[in-house]
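Listed below are the residues making up each chain.
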Amino acid sequence: MNKRQRSHRSLRAAILLTLLLACTAQPRAVDRQLLEGAWTDNGPSFAFVIGDSTVLYEFDMRERPYSLAGDTLVVDLGPDLGVQRKRIVALTPDSLVLQDGAAAQPTTFRRME
């Protein structure tokens, strides 16, 4: 392989890598209206209720402010628990899949009626 062929191969590899990173690094926009509602992890009651700007957790029945950073749900749990970040892996009218950075497996929630 001559110098010119190596140069073209390196250029193609760089372009391919750039395109791949551009495609995978773009966070998806999340439909806030679809996100809102009561969600359960198959327990007898809701795990949390997502409103317009707050999340109500069943474990302490307190509303916590949240924001969306791309496809990540960012919830301020207060000074004792800190900020929680969960990536929204999938969102449909009936299910919500969240991935916590520390957890190996995503958690699936279903919408409560």
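I will try to describe carefully the structure that is included in this document. (Residues numbered from 1 in each chain as written. Predicted model: local features only at pLDDT ≥ 70, side-chain atom pairs only at ≥ 80, totals over all residues. Heavy atoms only, no water.)

Bringing the pattern of salt bridges into the picture now. Counting across every chain of the model gives 3 salt bridges. The closest approach of N and O atoms between K86 and D100, which form a salt bridge, is 3.6 Å. A residue pair is termed long-range when its members are at least 10 positions apart, and K86 in strand β6 (residues 83-91) and D100 in strand β7 (residues 95-100) qualify at 14 residues. Relative accessible area serves as the criterion here: at 27%, D100 is assigned to the partly exposed category. (Salt bridge = Lys/Arg side-chain N within 4 Å of Asp/Glu carboxyl O. Helix = DSSP H or I, 4+ residues; strand = E, 2+ residues; numbered from the N terminus. Buried < 20%, exposed > 50% of the residue type's maximum accessible area, 1.4 Å probe, protein only.)

A few words on the sheet that holds β6. The strand order around the closed barrel built from 8 strands is β1-β2-β3-β4-β5-β6-β7-β8, with neighbouring strands paired in antiparallel fashion. The average undirected angle you get between the axes of adjacent strands in this sheet is 35 degrees. When β6 meets β7, the two strands line up antiparallel, connected through 5 bridges. What sits directly across from L91, in β7, is L96. (Pairing = 2+ DSSP bridges. Axes fitted to C-alpha atoms, helices over the stretch in contact; angles between N-to-C directions.)

Phi is positive for N42, close to 75 degrees, though the residue is something other than glycine. Here N42 lies in the loop between β1 (37-40) and β2 (48-50). The phi angle at M61 is positive, at roughly 55 degrees, despite the residue not being glycine. Its location among the elements puts M61 in the loop between β3 (54-57) and β4 (63-69).

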